[in-house]
Amino acid sequence: MNDNQSEHDALFTAMSKLSREIEPSYDLWPGIAGQLARDNKTLRTDSRFRPFFKWLNWPIALPLIGVTLGILLAIFIVRYHGVHSGIEANNVALSTANYLPVSLDAHYQAARGPLVKTFTAGLATLSPAERINVEQGLNDIQSALHTLNEAAQQHPDNKTLQHLVLSTYQRELEYMQNIAILTKHLPEDIAL
Amino acid sequence: MTIFPSSTLLVSTVSGGIPDLQETSEDGVAKESGLVLRAQAGDVQAFEKIYRHHAARIHGLCLRMLKDVSLAEDCVQETFINAWRHLHRFEARASLATWLHRIAVNVALSRSASKFNIEVDGNMESIDNSDNRDLGVHLDMEQALMQLPCGARYVLVLMGIYGHTHVETAEMLGIAVGTCKAQLHRARKLMAQHLNKE
C-alpha cells in the first residue's frame, strides 16, 4: 500500500467515525402528520382519480387482475420449492429472524381491520361475477400465505422463507387496497 | 465557513449513540418489518415509530447534502411524506434505511438544484477551542466536507459516512458508477488538501 492509499484509507476511517445522526432542532412529526391527514382526506374526496377510473373497463380489468395474481402465485410456488429444496444449505448461512409473530400480532390485525372492512364494502358493490373473480384472487393469495406460513413454521430459521411470508402479506394488503380504491370505497376510519 | 449551528453539531458528535440500522439486531429487524406492515395497512402510529427511528439519520444526510438547517428539515418532512405515499411499493426484503435514503437523496437533489451554495451563519468558535480532541477532529472533518463541491460531497457523504457502495451511491445520485468513482477520488484529494491546510 503506497502513502496515497494509506492516507485515503485513514480519511475514510475518520469519515466513518462522524455521527450519522443529527437530531433536527425541533420535532418535525406534527408537520408530517398534518400532511398525511390532508393526503388521506384528499384521497377520500378528491376527484383526481375519477378520470382514470372512468376509463377503466371492468370486464378487462378483472381478468387482468386474475392473471397477475396467478403469475404471482406461480412465482411464490416456484420460489417456495426452490427454497424448500435448498433449506438445509440455507440454514447454515442464514440468520434466525422470526417475522411471523410480528406480522400476525394484535397491532397488525388492528391496523388491517379497517382495510378489510372497506374491502368487504367495496366487494359488495360488485356484480356476482366480478365478486367471484376478486374473491378467487384473494383466495389465491391467502392459500399461498397458508402454505408459506406452514413452511416457515417448519423451518423458523429460514430467512428467505420469512421474507416471502412478509412479501405475501404485503401483496394481500396491496390487493385489498387496490380493490378498495377501484370500487371507490377508501378507508374512512384510519386514525390520524 | 460555518455550516451547522453549534448546538446541533455538538449534540450530534457527542451523543451519536442511537443504534445503527445496518447493525440492528434480528429482533429489531423483525419489529421494523412488523411496523412497516402496519403502516402499509394504514396505521399512522406505526409510521410515526418508523419516523422516530430514522429521522435523525435522514436529517444528518439532508443537512450534509444541503448545508442548510431549514432546507434540511423541510427535506426530512418531504422524505417521510413521500415515503408514506409510496410505502406500498416498499418490498419487505429491501432495507428500509436504504429505501428512505434513496427518497431523501432524491428530495435533497431536487432542492439543491433550486438553491445553490448556501452558507448559514453559526458560531462554532467555542467548540473549536474545546479540549475535546475528537470533537475538534470531527469539526475539522465536517468543515472540510462542506467546502467540497456538490458532486464530490454527495459521494463522500453517502459512501464515507453512510457506508453505501459505489453501485448504491451511483444509483441514488443518478450517475454512472465510473463517475461516482471519479467523484470519490476528487473528494478524497480535496479533503486531504483542506485538512492539511487546517
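For the structure given in this document, a descriptive report is provided here. Since we're looking at a predicted model, the values are computed, not measured.

**Here's the deal with unusual backbone geometry**
If a residue is not glycine, its phi is most likely negative; likewise, a peptide bond is most likely trans.
Residue and element names in this part refer to chain B.
And step 1. Unlike most non-glycine residues, K67 shows phi in positive territory, near 60 degrees.
And step 2. Structurally, the position occupied by K67 is in the loop between helix 3 (44-66) and helix 4 (69-85).
And step 3. With a relative accessible area of 7%, K67 lands in the buried category.

**Brief notes about the packing of helix 7 (residues 106-124) of chain A against helix 8 (residues 128-154) of chain A**
Residues and elements named next belong to chain A.
And step 1. Two numbers describe how helix 7 lies on helix 8: the axes approach to 10 Å, and their chain directions differ by 150 degrees. As far as their axial angle goes, helix 8 and helix 7 are roughly antiparallel. Crossing of helix 7 against helix 8: the hand is left-handed. Seen from helix 7, the contacting residues are R112, F119, L123 and A124; seen from helix 8, they are R131, V134, E135, L138 and Q142.

**Topic: the environment of B:Q77**
And step 1. With respect to the secondary-structure elements, B:Q77 resides in helix 4.
And step 2. According to the relative accessible area criterion, B:Q77 is buried, its value standing at 16%.
And step 3. Discounting chain neighbours no more than four positions away, the residues touching B:Q77 are A:L28, A:G31 and A:I32.

**Description of the nonpolar core**
And step 1. Membership of the largest hydrophobic core comes to 64 residues, with the highest contact counts inside it found for A:M15, B:F47, B:L145 and B:M191.
And step 2. No other element matches the 12 residues that helix 3 of chain B contributes to this core.
And step 3. By size, the runner-up hydrophobic cluster in this structure holds 30 residues, among which are A:F76, A:Y108, A:L145 and A:L173.

**So, the side chain of B:T79**
All names here are of chain B.
And step 1. With respect to the secondary-structure elements, T79 resides in helix 4.
And step 2. Of note is the side chain of T79, whose polar atom sits 2.7 Å from the backbone oxygen of C75.
And step 3. In contact with T79, not counting residues within four places along its chain, are I58, L100, I103, A104 and V107.

**Looking at the packing of helix 3 of chain B against helix 8 (residues 150-161) of chain B**
Residues and elements named next belong to chain B.
And step 1. Axis separation between helix 3 and helix 8 bottoms out at 9 Å; the angle between their running directions is 155 degrees. Our classification of the angle between helix 3 and helix 8 gives roughly antiparallel. Here the hand of the crossing between helix 3 and helix 8 comes out right-handed. Here L61, R64, M65 and L66 of helix 3 lie close against helix 8, whose contacting residues are R153, Y154, V157, L158 and I161.
And step 2. For the contact of helix 3 with helix 8, the class distribution of residues is 7 nonpolar, no polar and 2 charged.

**A word on the packing of aromatic side chains**
And step 1. In the structure shown here, the tally under the stated rule is 6 aromatic pairs over all chains.
And step 2. On the basis of an interplanar angle of 40 degrees and a centroid distance of 5.4 Å, the ring pair of A:W29 and B:Y51 is categorised as tilted. Here A:W29, found in helix 2 (residues 29-45), pairs with B:Y51, found in helix 3, and the two come from separate chains.
And step 3. According to the relative accessible area criterion, B:Y51 is buried, its value standing at 3%.
And step 4. Ring geometry for B:Y51 against B:F80: centres 5.0 Å apart, planes inclined by 80 degrees, an arrangement best described as edge-to-face. On the criterion of sequence distance, the pair formed by B:Y51 in helix 3 and B:F80 in helix 4 is long-range, its members being 29 residues apart.
And step 5. A network of ring pairs unites the aromatic residues A:W29, B:F47, B:Y51, B:F80 and B:W84 as a single cluster.

**Observations regarding the pattern of salt bridges**
And step 1. Applying the stated criterion to the full structure yields 10 salt bridges over all chains.
And step 2. With its nearest N and O atoms 3.4 Å apart, the salt bridge here joins B:E91 to A:R171. Of the two residues, B:E91 sits in the loop between helix 4 and helix 5 (96-114) while A:R171 sits in helix 9 (residues 159-182), which places them in two different chains.
And step 3. Ionic pairing is found between B:D43 and B:R38, a salt bridge with its closest N-O pair at 3.2 Å.
And step 4. Its relative accessible area of 13% is what places B:D43 among the buried residues.

What counts as what
- Residues numbered from 1 in each chain as written.
- Chains lettered and ligands numbered in written order.
- Predicted model: local features only at pLDDT ≥ 70, side-chain atom pairs only at ≥ 80, totals over all residues.
- Heavy atoms only, no water.
- Helix = DSSP H or I, 4+ residues; strand = E, 2+ residues; numbered from the N terminus.
- Buried < 20%, exposed > 50% of the residue type's maximum accessible area, 1.4 Å probe, protein only.
- Axes fitted to C-alpha atoms, helices over the stretch in contact; angles between N-to-C directions.
- Parallel < 35°, antiparallel > 145°, perpendicular 65-115°, else oblique.
- Left-handed = near helix turned anticlockwise from the far one by under 90°.
- Contact = heavy atoms within 4.5 Å.
- Core = buried A, V, L, I, M, F, W, Y, C linked by side-chain atoms within 4.5 Å.
- Polar contact = N/O pair within 3.5 Å; in protein donor to acceptor, adjacent residues only side chain to side chain.
- Nonpolar A, V, L, I, M, F, W, Y, C, P; charged D, E, K, R; others polar.
- Phe/Tyr/Trp six-rings, centres within 6.5 Å; stacked < 30°, edge-to-face > 60°.
- Salt bridge = Lys/Arg side-chain N within 4 Å of Asp/Glu carboxyl O.

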